[in-house]
Amino acid sequence: MDTRYLTYILTIAEERNMTKAAKKLFVSQSSLSQYLTKLEQELGTPLFFRTKGELILTPAGELYTEAARNVIRIKKQLYRDIASLENRGHVTITVTSQFGLQTLTDVIPRFKAIYPDYRIEITEQSLPSATRMLLEENLDLGLLAANAVEPFSPENVRVLCREEVLFAVPASHPFVKKNPSGTIARKDIKTIFQNENFLLSRRGSTLRTLTDQLFEELDFSPTILCETNSVTATLRMAAEGIGVTFIGRSCENPDLSAVCYRLSPPLFRLNLLVRRKNWVLNPAETYLCRLIGSCFPQPDTQSEDSFRNPPPPAPSAPECGNI
């Protein structure tokens with residue numbers, strides 16, 4: 001079932017630019033333009049408005065792209081159903097933080113023991129990118145660290161747990177010598193560490209959103225030494241005495257010379273399992289989701305073939321232990 005040309009139109013609609021679309025599709029711009037012109041002549045109506053160098057879908061284009069997505073979705077599901085007849089298939093999973101990688105490290109060997117011919121493709125992405133690809137149905141599953149279940153539909157998301165955010169301090173810091181473990185009051189982050197370098201996640205990340213809210217609450221503008229999308233890297237730098245940082249509990253590493261403190265009051269983010277909409281899970285995919293759910297301290301009471309039950313509200317979701 002060749003849906004290549006449907007993908008052409010969808011990519012043009014996504015990029016809104018013929019040059020960018022051709023580059024993404026690895027085809028020449030002239031051949032892509034010729035195909036679009038031929039299709040519009042065949043349909044007897046334009047699919048795009050050409051305005052100021054941008055291509056915007058016409059009402060006919062909206063109908064065409066909606067139908068194209070449905071056809072591609074049907075094709076994917078058909079191929080999955082055929083593959084599942086022999087317990088073979090392909091699942092794409094995205095993760096946005098360490099908890100997702102740790103979970104899959106535990107789950108995949110158990111899954112492959114039952115379904116050895118299933119292929120699992122894992123990508124690591126930022127939360128905005130993973131969210132977009134799941135909503136556009138370009139990925140099957142997401143293990144996401146987030147601050148809310150939105151914009152996903154309740155039937156497509158499961159709150160696995162609330163992961164506590166910790167404050168990491170170099171083991172050589174004077175505060176650690178007086179307080180080798182335990183908690184730190186939020187206000188003390190400003191009063192005690194106001195002259196320290198802060199190692200923060202990039203803006204837009206789950207951790208950065210939470211920490212920026214904390215700084216606003218404290219009326220505190222910290223000295224930011226670096227911003228990175230790797231919490232593991234910031235923790236290692238903290239262990240080297242370069243600065244202090246915030247991490248999710250799943251990133252805690254007792255082998256490093258950094259001490260992680262709980263905040264008082266505590267700070268949490270959500271760990272989510274999200275599936276793309278319109279996905280009918282076969283037995284292998286249902287088993288995979290159940291294995292993921294079993295890694296967290298709550299009974300997996302969801303339906304075996306869907307996420308029909310809405311997720312629990314954040315305050316009642318269980319807290320993560322060491323995953």
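Provided above is the structure to which this section pertains.
Just so it is clear, the model here is predicted, and its values are computed rather than measured.

**Student:** Describe in detail the overall build of the protein chain, supporting the description with residues and values.
**Tutor:** A tally of regular secondary structure across the protein chain gives 11 helices and 11 strands. Taking all 323 residues of the protein chain together, the buried fraction comes to 47%. A total accessible area of about 16500 Å² is found for the protein chain, and carbon and sulfur atoms account for 52% of it.

**Student:** Outline the nonpolar core, supporting the account with residue identities and numerical values.
**Tutor:** Membership of the largest hydrophobic core comes to 32 residues, with the highest contact counts inside it found for F167, I184, I189, F193, F198, F246 and L263. Sorting the residues of this core by element identifies β6 (157–170), α7 (174–178), α8 (186–193), β8 (197–201), α9 (206–218), α10 (231–239), β10 (244–248) and β11 (258–275) as the ones contributing at least two each. The dominant element in this core, judged by the number of residues it contributes, is β11, at 6 residues. In this structure, F167 is in contact with I184, I189, F193, F198, V244, T245, F246, V259, C260, Y261 and L263, ignoring residues within four places of it in sequence. Within the second largest apolar cluster, 25 residues are counted, among which are I93, F99, L104 and W279.

**Student:** Got a sec to walk through the packing of helix α2 (residues 18–25) against helix α3 (residues 29–43)? Specific residues and values, please.
**Tutor:** At their nearest, the axes of α2 and α3 sit 9 Å apart, and the two run at 110 degrees to each other. Between α2 and α3, the crossing angle belongs to the class labelled roughly perpendicular. Of α3, the residues touching α2 (which contributes M18, T19, A21, A22 and L25) are Q29, L32, S33 and L36. Classifying every residue of the contact of α2 with α3 by side-chain character gives 6 nonpolar, 3 polar and no charged.

**Student:** Got a sec to walk through helix α6 (residues 127–135)? Specific residues and values, please.
**Tutor:** Buried within α6 are the following residues: L127, S129, A130, T131, M133 and L134. Structurally, α6 contributes buried residues whose contacts are with β3 (89–95), β5 (141–146), α9 and β11. Just downstream of α6 lies E137, where phi reads positive at about 65 degrees.

**Student:** Talk me through the pairing of strand β1 (residues 48–51); I want residue IDs and the actual numbers.
**Tutor:** With 4 bridges joining them, β1 and strand β2 (residues 54–57) adopt antiparallel strand pairing. Across the sheet, the residue bridging to T51 is E54, located in β2.

**Student:** A description of the packing of aromatic side chains should follow, citing residues and the corresponding values.
**Tutor:** In the structure shown here, the tally under the stated rule is 18 aromatic pairs. Taken together, a centroid distance of 5.7 Å and an interplanar angle of 70 degrees make the contact between F198 and F220 edge-to-face. Of this pair, F198 sits in strand β8 while F220 sits in the loop between α9 and β9 (223–228), and the two are 22 residues apart along the sequence. Overall, the relative accessible area of 9% leaves F220 in the buried class. Taking the centre distance of 6.0 Å and the plane angle of 65 degrees together, the rings of F215 and F246 count as edge-to-face. Note that F215 is positioned in helix α9 and F246 in strand β10, a separation of 31 residues in sequence. Across the pair, F246 and F215 agree in class, each one buried. Through successive ring pairs, a cluster of aromatic residues spans F167, F175, F193, F198, F215, F220, F246 and Y261.

**Student:** Lay out the pairing of β9 with the relevant residues and their values.
**Tutor:** Relative to β9, β8 runs parallel, the two being bridged by 5 bridges. Within β9, the residue paired with L200 across the bridge is E227. Taken together, β8, α9 and β9 form a β-α-β motif whose crossover is right-handed.

**Student:** Give a detailed account of a nonpolar patch on the surface, specifying residues and quantitative values.
**Tutor:** Together, L78, Y79 and I82 make up an exposed nonpolar region whose accessible area comes to about 270 Å². Looking at the element boundaries, Y79 is found in helix α4 (residues 59–84).

**Student:** With reference to specific residues and values, describe the environment of E150.
**Tutor:** Here E150 shows up in the loop between β5 and β6. Along the chain, E150 and T131 lie 19 residues apart, while their C-alpha atoms are 9.7 Å from each other.

**Student:** Tell me about the pattern of salt bridges, residues and numbers included.
**Tutor:** Counted according to the given criterion, the structure contains 18 salt bridges. Look at the salt bridges and you will find they share partners, linking E14, E15, K24, R132 and E136 into a network.

**Student:** Explain α9 to me, using residue names and the numbers behind them.
**Tutor:** For α9, spanning 13 residues, the distance from its first C-alpha to its last is 19 Å, which sits close to the expected 18 Å at 1.5 Å a residue. Of all the residues in α9, the buried ones are T206, L207, R208, L210, T211, L214, F215 and L218. Of the residues flanking the end of α9, it is D219, one or two places downstream, whose phi is positive at about 55 degrees.

**Student:** So, unusual backbone geometry: which residues are in play, and what are the values?
**Tutor:** Here E150 and P151 are connected by a cis peptide whose omega angle stands at 10 degrees. Inspection of the secondary structure puts P151 in the loop between β5 and β6. Going from S264 to P265, the amide bond is cis rather than trans, its omega being -5 degrees. With respect to the helices, strands and loops of the structure, P265 is situated in strand β11. Even without a glycine there, the phi angle at D219 is positive, about 55 degrees. Judged by relative accessible area, which is 65%, D219 ranks as exposed. At N278, a residue that is not glycine, the phi angle is positive and equals roughly 65 degrees.

What counts, and at which threshold
- Residues numbered from 1 in each chain as written.
- Predicted model: local features only at pLDDT ≥ 70, side-chain atom pairs only at ≥ 80, totals over all residues.
- Heavy atoms only, no water.
- Helix = DSSP H or I, 4+ residues; strand = E, 2+ residues; numbered from the N terminus.
- Buried < 20%, exposed > 50% of the residue type's maximum accessible area, 1.4 Å probe, protein only.
- Areas by Shrake-Rupley, 256 points an atom, 1.4 Å probe, with all protein chains shown as cover.
- Core = buried A, V, L, I, M, F, W, Y, C linked by side-chain atoms within 4.5 Å.
- Contact = heavy atoms within 4.5 Å.
- Axes fitted to C-alpha atoms, helices over the stretch in contact; angles between N-to-C directions.
- Parallel < 35°, antiparallel > 145°, perpendicular 65-115°, else oblique.
- Nonpolar A, V, L, I, M, F, W, Y, C, P; charged D, E, K, R; others polar.
- Pairing = 2+ DSSP bridges.
- Phe/Tyr/Trp six-rings, centres within 6.5 Å; stacked < 30°, edge-to-face > 60°.
- Right-handed = clockwise from strand over helix to strand, strands pointing away.
- Patch = residues over 30% accessible without salt bridge, like charges linked within 9 Å, V, L, I, M, F, W, Y side chains within 5 Å.
- Salt bridge = Lys/Arg side-chain N within 4 Å of Asp/Glu carboxyl O.
- Expected span 1.5 Å × (residues − 1).

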